[in-house]
Amino acid sequence: MAKSQEAPRGLFQKLLDVIEHLGNKVPHPAVLFLTLILLVTLLSVLFQWMGVSVSYQRINPETHEIEQATTSIRSLLSADGIRFVFTSVVSNFINFGPVGIIMVAMIGVGLAERSGLIGALIRKIVMVAPPQSMTAILVTLGVLSSIASDAGYLVLIPLGAVAFHSLGRHPLAGLAAAFAGVAAAFGANFLVKPIDGILAEMTNDAIHIVDPSRSIDLTANFYFGIASSILLIVVCTFISSRIVEPRLGKYEGDSPSPDSQSLSSEESRGLKYAFWALLVFIVAILLLTLPSNAPLRNPETGTIIGDSPFMSSLVFLIMLVFLVTGIAYGMGAKTIQSADSAFDAITKTFADLAGLLFLFFVIGQFVAYFTYTNLGTVLAVKLADGLGDANLGSTTLLLAFLFIGLVMSIPVPNILPKWAILAPVFVPLFLKLGIDPDVVLAAYRVSDSPPNVINPLLPHFALVVGFTRRWQHDAGVGTVVAMMLPYAAATAVTWMLLFFAWYWLNLPFGT
């Protein structure tokens, strides 16, 4: 990693250098996940031989009913395990979430990039936005991006790097700021997200174990979410400006020339075409969404936010908006002059994804094998049972719950499966102690997000490593972990402090 020779190296910066050095000793991510597959296989054989199992109450993700379950470790080398390994390879890859998202979204994003739209748009933003505010803008957009589920990983993170490079700043600092907003603050937002409704439903299922007459709404953490968003934007902006960017130092790659910061007449015309195309697209989507019987509303409830065709089609809509505006820009800037040139841009984009898709193939197998063995479920239940039997006070128990959530976010990075296991254990437990379910759900959000930025098991982590290598060819897992560790630590600590202050002051977490 290029660093300014004049920059002083404090103890913390040296520690991050050591973490980066050791982390980059880890082999290629594909080899890392192949090694993890071997480790999971060995552990599954050992723990099945030992007869490890757990009994617990869980929420059925399909029926949302509480059911008693017993889960045992399943060996990947048993007859059933071997059958699963041999027969599930294709489905493991196809059903791995990021594969579909990146393949669909990159049809539009790739064309927009190769037409020149993204570069011109970023230069335009750089020209009109105060340079000192760019970090805060990226973090804020990252926080808001969770409304579109995982799309922020694909779109915003690489754009952050390009925006910083256009300003003559280190592109990895922009990438890190965007990644922090997208991932470390995933549980916070100024808006109600689709996932909020699912979390509320699962929480209500857990509440009904002890009190069938009580429920929470999807806005149960709305006020806390707004305050959390403001706090995390400030914290991540501060970490970027005071720790991450100084550590990265001066970028030693190609610097943007002064001429490259201005827009040619063709580029300006292309942006105007893209703007009008965007307005037409927005009007079309509004017509498909706002009328009472619009096709993108939920056909039964009429809702737009939550369980609706509109929310389910966000990735497709993102692909369309980039595709439409990219084509319009290309026609105005004369970078796309035929259908063949547009198709060629999309084809080249898919060619660039070949290495990433192979990595996703390996990661998809690991995720499926790890899930099959039940190792994550058994670990979560064991930790939850141990905490439930500890006979702690409410504040101490909440702190321990936060710690368990942070620990469990590494092997089980997805917010929903983890809550399906933890909610039936902790929501009733805290209710018996007089702690409201909205408080427990808020604590879970705090514990879930910060580890995302340093978790190699996060499905999108490999994607971020790939984006990093675009600007620093020798970058590896250690580069990203060392770069993002200050964000993980700062967001975890400050968010927990905000949570306990909110709880002790008895402020409403939502409506």
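Calculation rules
Residues numbered from 1 in each chain as written. Predicted model: local features only at pLDDT ≥ 70, side-chain atom pairs only at ≥ 80, totals over all residues. Heavy atoms only, no water. Helix = DSSP H or I, 4+ residues; strand = E, 2+ residues; numbered from the N terminus. Buried < 20%, exposed > 50% of the residue type's maximum accessible area, 1.4 Å probe, protein only. Contact = heavy atoms within 4.5 Å. Salt bridge = Lys/Arg side-chain N within 4 Å of Asp/Glu carboxyl O. Phe/Tyr/Trp six-rings, centres within 6.5 Å; stacked < 30°, edge-to-face > 60°. Lys NZ or Arg CZ within 6 Å of the ring centre and 35° of its normal. Core = buried A, V, L, I, M, F, W, Y, C linked by side-chain atoms within 4.5 Å. Expected span 1.5 Å × (residues − 1). pLDDT = per-residue confidence, 0-100. Axes fitted to C-alpha atoms, helices over the stretch in contact; angles between N-to-C directions. Parallel < 35°, antiparallel > 145°, perpendicular 65-115°, else oblique. Nonpolar A, V, L, I, M, F, W, Y, C, P; charged D, E, K, R; others polar. Left-handed = near helix turned anticlockwise from the far one by under 90°. Patch = residues over 30% accessible without salt bridge, like charges linked within 9 Å, V, L, I, M, F, W, Y side chains within 5 Å. Areas by Shrake-Rupley, 256 points an atom, 1.4 Å probe, with all protein chains shown as cover.

## Things to note about the overall build of the protein
Assigned secondary structure in the protein consists of 22 helices and two strands. Every one of the 511 residues in the protein was classed for burial, and the buried ones make up 52%. Sequence-distant contacts in the protein: of pairs separated by 6 or more residues, those separated by 24 or more amount to 79%.

## Things to note about the pattern of salt bridges
Throughout the structure, instances matching the rule amount to five salt bridges. The residue Asp80 makes a salt bridge to Arg83 at a minimum N-O spacing of 2.4 Å. Within this pair, Asp80 and its partner Arg83 are both found in helix α3 (residues 79-87), separated by three residues, close to a single helical turn.

## Quick look at the side chain of Thr237
Relative to the helices and strands, Thr237 is located in helix α11 (residues 222-248). Not counting chain neighbours up to four residues away, the residues in contact with Thr237 comprise Thr135, Ala136 and Val139.

## Some details on the packing of aromatic side chains
Across all of its chains, the model carries 20 aromatic pairs by this definition. For the ring pair Trp419 and Tyr444, a centre distance of 4.5 Å and an interplane angle of 25 degrees mean the geometry is stacked. Of this pair, Trp419 sits in helix α19 (residues 415-432) while Tyr444 sits in helix α20 (residues 437-448), and the two are 25 residues apart along the sequence. Using a relative accessible area of 0% as the deciding quantity, one classes Trp419 as buried. The exposure class assigned to Tyr444 is buried, which follows from its relative accessible area of 0%. The side chain of Arg74 reaches across the aromatic face of Tyr372, ending 3.9 Å from its centre. Here the basic side chain of Arg169 rests over the ring of Phe164, its NZ or CZ set 4.0 Å away from the ring centre.

## A few points about unusual backbone geometry
Non-glycine residue Lys334 carries a positive phi angle of around 65 degrees. Positionally, Lys334 belongs in the loop between α14 (314-333) and α15 (339-352). Residue classification places Lys334 among the exposed positions, given a relative accessible area of 53%. Within the chain, Asn506 stands out as a residue other than glycine whose phi angle is a positive 60 degrees.

## Concerning the environment of Phe238
As for its placement among the helices and strands, Phe238 is situated in helix α11. Distance in space between the C-alpha atoms of Phe238 and Thr135 is 9.0 Å, their sequence separation being 103 residues.

## A word on the nonpolar core
Phe179, Trp419 and Phe499 are the most contacted members of the largest nonpolar core, which has 145 residues in total. For this core, the element with the highest residue contribution is helix α22 (residues 477-504), accounting for 15 residues. If we skip the residues at most four places from it in the chain, Phe179 touches Tyr153, Ile157, Ala184, Asn452, Val453, Phe461, Val464, Val480 and Met484.

## Points about the environment of Leu375
With respect to the element layout, Leu375 can be found in helix α17 (residues 375-388). Under the relative-accessibility criterion, Leu375 is labelled buried at 12%. Along the primary structure Leu375 and Leu43 are separated by 332 residues, whereas in three dimensions their C-alpha atoms are 8.4 Å apart. Here Leu375 is in contact with Val40, Leu43, Phe47, Ile73 and Phe370, once residues within four sequence places are set aside.

## A few points about helix α9 (residues 171-184)
Under the 1.5 Å per step criterion, the end-to-end length of α9 is 19 Å for 14 residues, consistent within 8% with the ideal 20 Å. Most of α9 sits inside the fold, with 14 of its 14 residues counted as buried.

## Regarding the confidence of the model for the protein
Averaged over all residues, the pLDDT of the protein is 83; the fraction at 70 or higher stands at 87%. Confidence drops under a pLDDT of 50 for residues 1-7, and excluding neighbours within four residues, the segment shows 22 contacts in the predicted structure.

## Some points on the packing of α20 against α22
At a minimum axis separation of 10 Å, α20 and α22 run at an interaxial angle of 170 degrees. In terms of their interaxial angle, α20 and α22 are classed as roughly antiparallel. In this structure, α20 uses Val439, Ala442, Ala443, Arg445 and Val446 to contact α22, whose residues at the interface are Trp495, Met496, Phe499 and Tyr503. The residue inventory of the contact of α20 with α22, partitioned by class, reads eight nonpolar, no polar and one charged.

## Some words on the packing of helix α18 (residues 394-408) against α22
The geometry of α18 relative to α22 is characterised by a closest axis approach of 12 Å and an angle of 150 degrees between their N-to-C directions. Classified by the interaxial angle, the pair formed by α18 and α22 is roughly antiparallel. The chirality of how α18 crosses α22 is right-handed. Every residue of α22 that contacts α18 at Ser394, Thr395, Leu398, Leu399, Leu402 and Leu406 is listed here: Met496, Phe499, Phe500, Tyr503 and Trp504.

## So, a nonpolar patch on the surface
Together, Phe275, Trp276, Leu279, Ile282, Leu286 and Leu290 line one region of the surface with nonpolar side chains, adding up to about 580 Å² of accessible area. Relative to the helices and strands, Ile282 resides in helix α12 (residues 265-289). Overall, Ile282 belongs to the partly exposed group, its relative accessible area being 38%.

## Let's talk about the environment of Phe224
Topologically, Phe224 is positioned in helix α11. Between the alpha carbons of Phe224 and Phe499 there is a distance of 8.2 Å; along the sequence they are 275 residues apart. Phe224 has contacts with Ala442, Val446, Trp495, Leu498, Phe499, Trp502 and Phe509, leaving out every residue within four places of it along the chain.

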